[in-house]
Amino acid sequence: MKERPPSHARTRLLAIDQGTTSTRAILFDAAARPVRSHAIPLRQIYPANGWVEHDAAEIWQAALACCRAVLRGIDAAEVAAIGITNQRETSLIWDRQTGAPLHNAIVWQDRRGAARCAALKKRGLEPWITGKTGLLLDPYFSATKLEWLLKNVKDRSGLFKGRDLAFGTIDTWLIWNLTRGKVHATDVTNASRTLLWNLKTRDWDGELLRLFGVPRAILPDVRESRGDFGRCDPMLLGAPIPILGVAGDQQAASFGQACFAPGDVKATYGTGCFALVNTGDKAPRSRNRLLATALAQKQYAIEGSIFIAGAVVQWLRDGLQILPSAPDSEALAKRARPAEGLYFVPAFTGLGAPYWDPQARGAILGLTRDIGRDEIVRAALDAVCYQTRDLLEAMTRDVASRKSLNLKRLRALKVDGGMVANDWFCQRLADLTGLAVERPRVTETTALGVAYLAGLGAGLFRDEKDIARHWALDRRFTPVLKKAARDKLYTGWKRAVARVR
């Protein structure tokens, strides 16, 4: 395809991808091809069982260092726009006057709000909350994290009256720092994950704010994902680069995968796995314990979340130390015996969709004397596939029930994230879900998605059709396992899950 010449000299796009285990910056050219990348690992903090935190100051310094690294030797004035994508739900509060965080950021995986959610469920409030937000009552979301911070962080000089206190998810924190405190804003996709934002009115919900004791004054402005989020202070990167695209990591990946039509579905395999199916321009409601969430460009999605995906490979490597490196999982899984009856349920921090059981804990079931390292690694990868099928089956029921979508089944699964470099895993995913699996040429789709959004805002792309022409397939994996065998294995998985709940 002949490239459209840029209309001005600013033809580069800078994406900040702030994830759960690392912070990355990627520089893209005018055709959204990655040309430079730099990443810094993020320290994980575990203060108590089920608690997970990050140092917000460390996140900001890493983001700045990554941006400076990819811009080294490049005139920052060539950058048309910045896009920001981030780990969603992770929450923090800071002092507006000093910009200093008042506590570590509480990570999306953190379960300290489980008792509060259980109490609200007991009061029968979950259907009411779901009707407003599209979400279920779970400590995964931001509301109970913020409530805990407001109750447990020491009050200093009346901060908690809202005068000098700011709340944000990680996108908001980065925007605040990039603009030197001039902009306190988030986008619709991140707001839709807080349990405080009404999916239908597209605004903070006063009744939910009162329920969780949140002063409206501490909340950020909510803007469209393709929007104006201010300009980077020129002293930071060398030019006042506009921030024109912001989206939570999974919605950014959906945009990067060009999932623009109802029924398009993608799954991202990072620390967790997150699958989204586009449901068009009307806010949906799941009947199968999945989530309704906002997408960019005023669209919506149904989403399913698996808390542990790539993290199980990381645990085999660092915890059990039976895996030399994450890429070695492919060779070990290929070598393993089938070992039917062996199931690994990695519920280290509870089970996500469609179970939503924060009290569940992990287990390896069906162990015999002839089970070894290879079989355990294979069972761990299988677990990610089975959990994906859990999500896809619930999604299929949801989209089939919406007559306006005119969809009876999902067509294919677009995949991205670190795990999909493993060919064995992608083929196994196709075999155990029964769907064709499509891996794109650029698998850093979270960063790519906000680069597209920022590029739209800067005029480097005309519209979604223009973006879709840039999406390229690397490889398509089609199922070869017979349906009867696939269903038999999945029945065993469901029995294993029942044992840990």
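No experiment lies behind these values; they were computed from the predicted model shown.

Calculation notes
- Residues numbered from 1 in each chain as written.
- Predicted model: local features only at pLDDT ≥ 70, side-chain atom pairs only at ≥ 80, totals over all residues.
- Heavy atoms only, no water.
- Axes fitted to C-alpha atoms, helices over the stretch in contact; angles between N-to-C directions.
- Helix = DSSP H or I, 4+ residues; strand = E, 2+ residues; numbered from the N terminus.
- Parallel < 35°, antiparallel > 145°, perpendicular 65-115°, else oblique.
- Left-handed = near helix turned anticlockwise from the far one by under 90°.
- Contact = heavy atoms within 4.5 Å.
- Nonpolar A, V, L, I, M, F, W, Y, C, P; charged D, E, K, R; others polar.
- Salt bridge = Lys/Arg side-chain N within 4 Å of Asp/Glu carboxyl O.
- Buried < 20%, exposed > 50% of the residue type's maximum accessible area, 1.4 Å probe, protein only.
- Pairing = 2+ DSSP bridges.
- Arc of directions from axis to C-beta.
- 1 Å grid on protein atoms, 1.4 Å probe; cavity = no way out; pocket = protein on both sides within 12 Å on 5 of 7 lines; lining within 4 Å.
- Points joined across faces, edges and corners; volume = space filled by probe spheres on them.

## Thoughts on the packing of helix H10 (residues 310–318) against helix H12 (residues 373–401)
Their axes nearest at 9 Å, the elements H10 and H12 cross at an angle of 160°. The angle between H10 and H12 places the two elements in the roughly antiparallel class. The two elements H10 and H12 meet at a crossing, and its hand is right-handed. Of H12, the residues touching H10 (which contributes Val312, Val313 and Leu316) are Ile376, Val377, Ala380, Leu381 and Val384. Of the residues in the contact of H10 with H12, the class split is eight nonpolar, no polar and no charged.

## Remarks on the pattern of salt bridges
Summed over the entire model, instances satisfying the criterion amount to 39 salt bridges. Glu303 is paired through a salt bridge with Arg88; the nearest N and O atoms lie 2.5 Å apart. Taken together, the positions of Glu303 in strand E17 (residues 300–306) and Arg88 in the loop between strand E5 (79–86) and strand E6 (91–95) put the pair 215 residues apart, joining distant regions of the chain. Given a relative accessible area of 2%, Arg88 falls into the buried group. What you see here is one network of salt bridges that share partners, running through Arg88, Glu89, Arg193, Asp249 and Glu303.

## Some thoughts on the sheet that holds strand E22 (residues 473–477)
The strand order across the open sheet formed by seven strands is E16-E17-E15-E14-E20-E21-E22, and the pairing between neighbours is mixed. Every other strand in the sheet has two partners, leaving strand E16 (291–294) and E22 as the edge strands with one partner each. Pairs of neighbouring strands in the sheet enclose a mean axial angle of 30°, with direction left out of account. As paired strands, E16 and E17 are joined by four bridges and run antiparallel to one another. Paired with Leu291 across the two strands is Glu303, which belongs to E17.

## Here we look at helix H3 (residues 126–133)
Within the span of H3, buried status applies to Glu126, Ile129, Thr130, Lys132 and Thr133. Buried residues in H3, looked at end-on, bunch into an arc of 165°, giving them a common side. Looking at the residues trailing H3, positive phi occurs at Gly134, about 80°.

## Notes on the environment of Ser254
Tracing the backbone shows Ser254 in helix H9 (residues 249–256). A relative accessible area of 4% places Ser254 in the buried class. Measuring from C-alpha to C-alpha, the distance between Ser254 and Trp176 comes to 25 Å, with 78 residues separating the pair along the chain. For Ser254, the residues in contact, after removing those within four places along its chain, are Cys259, Lys266 and Leu295.

## A short note on the sheet that holds strand E3 (residues 34–41)
Neighbouring strands of a sheet are bound in pairs by backbone hydrogen bonds; such pairs are parallel or else antiparallel. Overall, mixed pairing links the five strands, which are arranged E3-E2-E1-E5-E13 in an open sheet. Bordering the open sheet on either side are E3 and strand E13 (243–248), each of which pairs with just one other strand. Strand-to-strand twist of the sheet, defined as the mean angle between neighbouring strand axes without regard to direction, takes the value 15°. Here strand E1 (residues 12–18) runs beside E5; their pairing, made up of seven bridges, is parallel. Across the sheet, residue Arg12 finds its bridge partner in E5, namely Val79. Taken strand by strand, helix H1 (residues 56–71) contacts E1, strand E2 (22–28), E3 and E5, and its axis lies near 150° from that of E3. Sheet contacts for helix H14 (residues 445–458): E1, E2, E5 and E13; angle to E13, the most-contacted strand, approximately 145°.

## Considering empty space enclosed by the protein
If you walk through the whole model with that rule in mind, you get three cavities of 30 Å³ or more. If one sorts the elements of the lining of the largest cavity by residue count, H9 sits on top with three residues. Tallied by class, the residues present in the lining of the largest cavity amount to five nonpolar, five polar and one charged. Put simply, the second largest cavity is a space of about 40 Å³. For the second largest cavity, the full set of lining residues is Ser305, Ile306, Phe307, Leu351, Gly352, Ala353, Tyr355, Gln387 and Asp390. Looking at the lining of the second largest cavity, the elements with two or more residues in it are E17 and H12. Grouping the amino acids of the lining of the second largest cavity by side-chain chemistry returns five nonpolar, three polar and one charged.

Worth remembering: the numbers are spatial, not functional.
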